[in-house]
Amino acid sequence: MFPFLPLSSQFEPTDACQWEQLAKQIEMCLVADPLFESEHPDHYHLARELFWMAFVAAHPEFPRGKWSRWNSIIAMEGGFMSCWMFGGAYSGLWDTPPRLVIWEQFTSIVSEAMLVPSAQ
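What comes next concerns the included structure.

Cut-offs and rules
Residues numbered from 1 in each chain as written. Predicted model: local features only at pLDDT ≥ 70, side-chain atom pairs only at ≥ 80, totals over all residues. Heavy atoms only, no water. Helix = DSSP H or I, 4+ residues; strand = E, 2+ residues; numbered from the N terminus. Buried < 20%, exposed > 50% of the residue type's maximum accessible area, 1.4 Å probe, protein only. Contact = heavy atoms within 4.5 Å. Areas by Shrake-Rupley, 256 points an atom, 1.4 Å probe, with all protein chains shown as cover. Expected span 1.5 Å × (residues − 1). Polar contact = N/O pair within 3.5 Å; in protein donor to acceptor, adjacent residues only side chain to side chain. Axes fitted to C-alpha atoms, helices over the stretch in contact; angles between N-to-C directions. Parallel < 35°, antiparallel > 145°, perpendicular 65-115°, else oblique. Left-handed = near helix turned anticlockwise from the far one by under 90°. Nonpolar A, V, L, I, M, F, W, Y, C, P; charged D, E, K, R; others polar. Core = buried A, V, L, I, M, F, W, Y, C linked by side-chain atoms within 4.5 Å.

**Considering the overall build of the protein**
Point 1. Of the regular secondary structure elements, the protein holds five helices and zero strands.
Point 2. Counting from the amino terminus, helix and strand elements in the protein follow one another as α-α-α-α-α.
Point 3. Residues classed as buried in the protein amount to 35% of the 120 residues present.
Point 4. Long-range pairs, those at least 24 residues apart, make up 62% of the contacts in the protein between residues at least 6 apart in sequence.
Point 5. Taken as a whole, the protein presents about 7300 Å² of accessible surface, with 57% of it coming from carbon and sulfur.

This is the structure:
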């Protein structure tokens, strides 16, 4: 269901280019099948959450600064993006680089998702 997982053991969470590549892989999964969201809404929402984590990790100044374009089919929604846009995601964590904070969240969500049986 998630061809971008597992991540390579060589994945470096401080490398913006690797996050950008991951965001592109997830983006392809989200837009390749027009029925993905309607047929597998839980998987779609999880992939969208992971997409925004990867996208923001690649562009931690988002929505300010420069960032790459993403397919506008992917709505700017989800818990992570809501927190990021309203500035509440990292209160108290300002000494930690954003990519490492996002990495912790990303790996936690992936670990939880892999433990939950999916109905296919």
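**Brief notes about helix H1 (residues 16-32)**
Point 1. With 17 residues, H1 extends 24 Å from end C-alpha to end C-alpha; this agrees with the ideal 24 Å at 1.5 Å per step.
Point 2. Of the residues making up H1, those classed as buried are Trp19, Glu20, Leu22, Ala23, Ile26, Glu27, Cys29 and Leu30.
Point 3. Its side-chain oxygen placed 2.8 Å from the backbone nitrogen of Cys17, Asp15 serves as the N-cap of H1.

**Some points on the packing of H1 against helix H3 (residues 41-58)**
Point 1. Close contact between H1 and H3 brings their axes to 8 Å; oriented N to C, the two are set at 155°. On the basis of the axis angle, H1 is roughly antiparallel to H3. H1 and H3 meet at a crossing whose hand is left-handed. Two secondary-structure elements touch here, H1 through Ala16, Trp19, Glu20, Leu22, Ala23, Ile26, Glu27 and Leu30 and H3 through Tyr44, Ala47, Arg48, Leu50, Phe51, Met53, Ala54, Phe55, Ala57 and Ala58.
Point 2. Tallied by class, residues from the contact of H1 with H3 come to 15 nonpolar, no polar and three charged.

**Observations concerning H3**
Point 1. The terminal C-alpha atoms of H3 lie 25 Å apart, and with 18 residues this matches the ideal 26 Å at 1.5 Å per residue to within 8%.
Point 2. The buried fraction of H3 amounts to 15 of the 18 residues, a majority that puts the element mostly inside the structure.

**A short note on the environment of Asp15**
Point 1. Along the chain, Asp15 falls in the segment before H1.
Point 2. Classification of Asp15 as partly exposed rests on a relative accessible area of 26%.
Point 3. When the C-alpha positions of Asp15 and Ala57 are compared, they lie 8.8 Å apart, and in sequence the two are 42 residues distant.

**Here's the deal with the nonpolar core**
Point 1. Of all hydrophobic cores here, the largest spans 31 residues; its most connected members are Trp19 and Ile26.
Point 2. Those elements that place two or more of their residues in this core are H1, H3, helix H4 (79-85) and helix H5 (98-115).
Point 3. When residues no more than four places from it in sequence are discounted, the contact partners of Ile26 are Phe4, Ala47, Leu50, Phe51, Ala54 and Phe106.

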